[in-house]
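# Structural features, examined
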Amino acid sequence: MSFSRSDAAARRAPSAGKPAARLGDVISPITGGRVPRHVAIIMDGNGRWATQRGLPRAAGHRAGTENIRRIIERFADHGVEYLTLYAFSTENWSRPEPEVRALIRLLSRFIKRELDHFRRNNIRLRLLGHIETLPDWLQRQVREAVEATAENTGLNLNVCFSYGGRDDIVTAVRRIVEAGLRPEEITEETVASFLSTAGIPDPDLIIRTAGEQRISNFLLWESAYAELYFTDTYWPDFGREDIDIALAEYGRRKRKFGGLLEEDLRALGSA
Ligand code: FPP
């Protein structure tokens, strides 16, 4: 398992005149050598997973939270640098109070259980969203965990909690107005720099589990050219093999960003 490209380079030992293979190199043929730098995930289907087993919905959220460690490891093995997880949206506040409370408690449990793992594996944790809407004790816990991993240089793990894409854009616009910028000073880069994702590259691949095919207010600005991947698998069951399949599919996509590919241009030239 490797959590940082630079660490991997440092660890390479000469062997028969060739650098030793790292896991990312071994599994990269799955992706055709094209690995998304940033993967974002809508972790859907916890409720259905639980209902199918005759369990309360909160048990599905617990299983979904426990799944996070194994998926972090697999994405890191592939060389993915940024992983963004949609854990709780601004709209999720409208769910029944016990479910909201269960999700808030899970955020705390997640941090408590995983912080040591983040430290040991060079993972940097960020929380995106309205942290100030959380209870004071949890805000403190979140801030301490974010600070404790701030210098880590391996995988960047972003957890979106009390996050909404439209809300993030509105918040950015308010801050731009407060900063007194003139209209002609405002570019796409300016807007991006006021979003909660400032400094984080746009997602290359957005995965949604559990069969729904929509974005649900996730990374609205940042997803402009993301590749979308949908799978029927419920989030608690989404594992290593599902990741490999999603990344293999990404490797086959042709990304044009509104332009044309070299091969298209060549074909035009020879037409
Ligand atoms: C959607 O499933 C999932 C959520 C609203 C929350 C996702 C949260 C987790 C995986 C756990 C919390 C994570 C952290 C980091 C604390 P759903 O409840 O809408 O499922 P359903 O569509 O089957 O009902």
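Note that the structure is a prediction, hence the values are computed from the model and not measured.

## As for the confidence of the model for the protein
Summary statistics for the protein give a mean pLDDT of 91 and a share of 90% for residues scoring 70 or more. Throughout residues 1-18 the model reports pLDDT below 50, and contacts reaching past four residues in sequence, or to other chains, amount to 31 contacts.

## Observations regarding the packing of helix 5 (residues 97-120) against helix 6 (residues 136-148)
Remark: helix 5 packs on helix 6, axes separated minimally by 10 Å, with the N-to-C direction vectors making an angle of 20 degrees. Classified by the angle between their axes, helix 5 and helix 6 sit roughly parallel to one another. Once helix 5 is placed against helix 6, the crossing between them reads as left-handed. Within the contact between the two elements, helix 5 uses Ile104, Leu107, Ser108, Ile111, Leu115 and Arg119 and helix 6 uses Leu138, Gln141, Val142, Ala145 and Ala148. Residues that form the contact of helix 5 with helix 6 fall into these classes: eight nonpolar, two polar and one charged.

## Comments concerning the site of the ligand
Around the ligand, the surrounding shell holds 18 residues, and the nearest of these are Gly47, Arg48, Gly64, Ala87 and Leu107. Residue assignment for the shell around the ligand shows that the elements contributing at least two residues are helix 3 (46-52), helix 4 (57-78) and helix 5. Of all the elements, helix 5 adds the most residues to the shell around the ligand, at four residues. Class assignment of the residues belonging to the shell around the ligand gives a composition of nine nonpolar, seven polar and two charged.

## Topic: the sheet that holds strand 3 (residues 38-42)
The strand order across the open sheet built from six strands is 5-6-4-3-7-8, with neighbouring strands paired in parallel fashion. Edge positions in the sheet fall to strand 5 (124-128) and strand 8 (227-230), since each of these pairs with one other strand and no more. Across the sheet, the mean angle from the axis of one strand to that of its neighbour is 20 degrees, orientation sign disregarded. Across five bridges, the pairing between strand 5 and strand 6 (residues 156-163) is parallel. By the bridge assignment, Leu127 is partnered in strand 6 with Val159. Contacts from helix 9 (residues 240-252) reach strand 7 (205-208) and strand 8, with the element oriented near 145 degrees to strand 8.

## Comments concerning the pairing of strand 5
Burial of strand 5 is extensive: four of the five residues sit out of reach of the surface. Remark: the strand 5/helix 6/strand 6 crossover connection has left-handed handedness.

## Describing the pairing of strand 3
In terms of burial, strand 3 is largely enclosed, as five of its five residues are buried. Where burial is concerned, the two faces of strand 3 agree: the one with His38, Ala40 and Ile42 and the one with Val39 and Ile41 are both buried. Relative to strand 4 (residues 82-89), strand 3 runs parallel, the two sharing five bridges. Note on strand 4: the bridge partner recorded for His38 is Tyr82. Pairing of strand 3 with strand 7 involves four bridges; the strand directions are parallel.

Thresholds, definitions, all that
- Residues numbered from 1 in each chain as written.
- Predicted model: local features only at pLDDT ≥ 70, side-chain atom pairs only at ≥ 80, totals over all residues.
- pLDDT = per-residue confidence, 0-100.
- Contact = placed C-beta atoms within 7 Å.
- Axes fitted to C-alpha atoms, helices over the stretch in contact; angles between N-to-C directions.
- Helix = DSSP H or I, 4+ residues; strand = E, 2+ residues; numbered from the N terminus.
- Parallel < 35°, antiparallel > 145°, perpendicular 65-115°, else oblique.
- Left-handed = near helix turned anticlockwise from the far one by under 90°.
- Nonpolar A, V, L, I, M, F, W, Y, C, P; charged D, E, K, R; others polar.
- Near = placed C-beta within 6 Å.
- Pairing = 2+ DSSP bridges.
- Buried ≥ 20, exposed ≤ 12 C-beta atoms within 10 Å, placed from the backbone.
- Right-handed = clockwise from strand over helix to strand, strands pointing away.

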